[in-house]
Amino acid sequence: MTAAHQVSDAKQALLQQRLRRRELTAGIARRPASPLPLSFAQERLWFMEQYAPGTAAYVVPVALELRGPLDPDAVTAALTAVVARHESLRLRVHADEDGRPHATTAAPAPVPLAVVTVPAGLDPAGRDRHTRDLVTADAAQPFDLAAGPLLRATLIGRGPDDHILLLSLHHIAADGWSTDLIIGEFAAAYDTVLVGGVPDTTEPPVRYGDYAAWQRARLTAQACADDLGYWRDRLAALPPLDLPTDRPRPARQAFAGAAHGFHLDAQLTAAAGRLATTLGATPYMVLLAAFQVLLWRHSGQDDFAVGSPVAGRTRPELENLVGMCANVLAQRADLTGDPTFAQLVTRVRDTALDAYSHQELPFEHLVNELKVTRDTSRSPLFQVALAMQNYTRAQRTLHGGVTIAWFPVDAVATRFDLELYLYEHDRGLAAFLTYDTALFDPDTVARMADHLLTLLAAALAEPHTPIADLPLLDVAGTERVLAEGRGPRVVVPDQTLLDLLHRQVHATPDDVALIDGADTVTYAELHARADRLAHHLVERGARPGVRVAVCAPRGTALVTAVLAVLKSGAAYVPLDPDYPARRLEFMLGDCGALMVLATRDAATALPGHGRLVLLDDDTPWRDRPAHRPPSICAPPTRHTRSTPPAPPAGPRARSTPTAPSSTASTGCNAPTPSTAPTPYCTRHRPASTSPYGNSSGH
């Protein structure tokens with residue numbers, strides 16, 4: 001089926017209607033000399049600067065690699081001519097007496113060109129690193145919208161015929177389309193200067209202020225009302241996208257960002273193009289569908305929006321205008337019903353065509369009209385964006401043999417949680433996944449990029465596969481996850497914690513075992529302290545099958561108490577002194593501890609317990625023997641258990657002998673000591689490093 005048949009008759013009629021309406025609409029007229037209006041996008045950017053002053057989120061960096069015999073004076077003259085032609089590059093925005101933005105333009109003036117030299121002696125890799133550091137540092141510098149200028153120019157010298165021209169602009173003055181226009185006009189002006197000519201500084205037929213005035217006047221037209229009605233219905237009850245993050249979302253956006261670069265090879269890009277042709281869509285729509293699947297699989301949400309930037313140059317007179325004309329469309333995703341990938345692309349196509357036919361309503365005006373609840377922690381309507389940049393990025397050659405190529409710029413800011421940028425080139429698509437560093441770690445974003453490549457390859461190979469069945473992991477990734485799930489193979493010594501302690505005591509009795517503030521305890525001293533306390537516990541009824549609670553902060557007393565309980569043959573119940581009192585009361589009642597060992601401070605959090613042993617005062621056991629108490633029963637042979645004794649006569653005879661937990665345990669749901677059968681001996685296995693990290697059931 002052809003692309004023409006794939007697009008419904010209704011869609012074609014709708015597009016033709018919109019095109020006829022634009023043809024009948026009057027062109028963009030030149031405005032009066034004053035005042036200079038701001039477009040809706042410019043006004044919002046000014047408000048964002050007031051909201052987060054000093055942010056680099058709206059800096060547009062452009063870095064050009066210039067190879068050949070460059071004339072710096074000609075560079076300055078060419079940049080000066082470009083800025084003189086376009087009033088948006090000479091914009092200044094002040095606040096008036098009422099706090100509202102007021103725009104003016106500065107008179108044409110020479111553009112300052114800062115010159116920086118990369119240190120000599122660096123190898124090519126070191127030279128590139130130093131250059132990237134300089135570019136990144138400049139891109140992180142904010143602009144003063146009132147003082148200006150809104151374009152910074154820096155020439156980085158890397159060798160006699162090797163330079164980087166860095167142009168940093170504020171987004172209020174230019175968008176991505178504009179940067180390509182600026183480079184083209186710069187190249188033409190440079191060539192003119194080199195041959196002794198005067199570059200053209202004539203204003204374009206339509207200036208940016210003319211566009212801004214036309215945009216504001218259009219809002220009173222029926223076309224704007226139609227657009228607003230469409231978006232109001234389309235975005236009703238739109239939920240935010242909540243992706244799992246590495247850290248909690250801050251209460252306020254900071255706009256700090258970074259980017260992960262990857263590549264869609266020519267084969268994958270061509271396959272996306274073929275599927276798009278088959279379904280009457282565009283490659284962008286296919287890639288947007290794949291991105292939506294990725295976000296759905298990571299978030300579990302089948303309803304959210306993805307920001308889709310458009311050039312906003314729907315009229316011929318805007319194609320050569322430098323300024324902020326870009327708009328952004330909130331493309332609402334619909335992944336309900338587990339469609340196949342081909343079906344999803346069709347949904348995305350229909351949604352995108354509808355959105356494109358209503359794209360002239362400024363996003364900023366839409367947000368205001370929808371009365372979106374303001375949330376300082378995230379952007380309104382959508383939190384992720386996908387942009388496919390198809391304006392020219394080809395290499396150019398200047399007069400005198402100087403070549404111009406793009407130099408990569410590392411992202412330092414972002415306005416959204418995630419932004420996926422795609423750039424066309426002859427080897428496929430260069431991709432950059434920009435992310436909010438307050439939310440995501442680099443490894444997380446790299447993993448998401450790998451998931452996107454894997455699911456996209458699978459979807460293009462079998463487009464009729466349900467999206468829930470598209471894999472996120474390739475073979476190597478699957479094996480890695482399975483290996484992580486199994487965990488590393490760890491050889492556990494066939495020894496108990498007490499075995500290991502006794503071995504260490506005999507090997508290095510005078511080595512330091514514990515340091516607790518000013519208290520330093522050797523292995524021999526720790527062994528002796530625990531043995532004395534263990535004798536005291538045995539005298540009070542501690543034995544195998546009995547639970548003894550321990551409640552103390554981290555320190556010498558806690559370690560001594562745990563070892564003493566184990567030496568007595570009992571099982572210890574860890575009680576965190578920071579738990580609420582009702583929680584501690586429940587745990588004590590549930591486990592039926594025979595006694596509680598606690599420091600004096602920790603004991604204040606405990607409910608009344610008749611058998612409390614204060615660890616701060618060792619008077620009751622200070623004179624006890626410094627060796628392990630006599631065994632309650634003979635130690636079993638390793639790997640075996642001793643034969644449990646016959647149950648005594650009486651009611652307890654109906655109970656089945658039960659062993660206590662062999663690790664630190666609360667013994668939840670076990671019989672209390674008053675009703676428990678006489679247990680058989682158990683070997684205590686090595687305990688957890690934290691007494692509070694290995695309790696069961698609580």
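Before any of the text, the structure's been laid out above.
What comes next concerns the included structure. (Residues numbered from 1 in each chain as written. Predicted model: local features only at pLDDT ≥ 70, side-chain atom pairs only at ≥ 80, totals over all residues. Heavy atoms only, no water.)

1. Observations regarding the overall build of the chain
Each helix and strand counted, the chain has 19 helices and 20 strands in total. Considering the chain as a whole, with its 698 residues, one finds that 48% of them fall into the buried category. Contacts spanning at least 24 positions in sequence make up 75% of the contacts within the chain whose residues lie at least 6 apart. Total accessible area computed for the chain in this model is approximately 32,500 Å², and 54% of it derives from carbon and sulfur atoms. (Helix = DSSP H or I, 4+ residues; strand = E, 2+ residues; numbered from the N terminus. Buried < 20%, exposed > 50% of the residue type's maximum accessible area, 1.4 Å probe, protein only. Contact = heavy atoms within 4.5 Å. Areas by Shrake-Rupley, 256 points an atom, 1.4 Å probe, with all protein chains shown as cover.)

2. So, the packing of aromatic side chains
The description of an aromatic ring pair rests on the distance of the ring centres and on the angle between the ring planes. Within the structure shown, the criterion is met by eight aromatic pairs. Between Trp-46 and Phe-47 the ring centres are 5.1 Å apart and the planes differ by 75°, which places this aromatic pair in the edge-to-face class. Their ring planes at 40° and their centres at 6.1 Å tell us that Phe-186 and Tyr-190 sit as a pair that is tilted. Linking Phe-186 with Tyr-190, this pair stays in helix α6 (residues 176-194), spanning four residues, or about one helical turn. Here a set of aromatic residues connected by ring pairs shows up, and it is made of Tyr-208, Tyr-211 and Trp-214. Positioned above the aromatic ring of Phe-40 is the side chain of Arg-216, whose terminal nitrogen or guanidinium carbon lies 4.3 Å from the ring centre. Over the face of the ring belonging to Tyr-579 we find Arg-583, whose NZ or CZ atom lies 5.8 Å from the ring centre. (Phe/Tyr/Trp six-rings, centres within 6.5 Å; stacked < 30°, edge-to-face > 60°. Lys NZ or Arg CZ within 6 Å of the ring centre and 35° of its normal.)

3. Some thoughts on the sheet that holds strand β4 (residues 113-117)
Taken together, the six strands give an open sheet; going across it, the order is β4-β5-β6-β1-β12-β11, and neighbouring strands pair in mixed fashion. Each of the sheet's edge strands pairs with one partner strand only, and the pair in question is β4 and β11 (396-397). Contacts between helix α5 (residues 124-139) and the sheet are confined to β1 (59-67), β4, β5 (151-159) and β6 (162-170), with β5 contributing the most and set at about 170° to the helix. (Pairing = 2+ DSSP bridges. Axes fitted to C-alpha atoms, helices over the stretch in contact; angles between N-to-C directions.)

4. A few points about the packing of helix α15 (residues 497-507) against helix α16 (residues 523-539)
Contact geometry for α15 and α16: axes closest at 8 Å, N-to-C directions at 135°. One finds that α15 runs oblique with respect to α16. Crossing of α15 against α16: the hand is left-handed. Judged by residue contacts, Leu-501, His-502, Gln-504 and Val-505 of α15 engage Tyr-523, Ala-524 and His-527 from α16. Residue composition of the contact of α15 with α16, by class: four nonpolar, three polar and no charged. (Parallel < 35°, antiparallel > 145°, perpendicular 65-115°, else oblique. Left-handed = near helix turned anticlockwise from the far one by under 90°. Nonpolar A, V, L, I, M, F, W, Y, C, P; charged D, E, K, R; others polar.)

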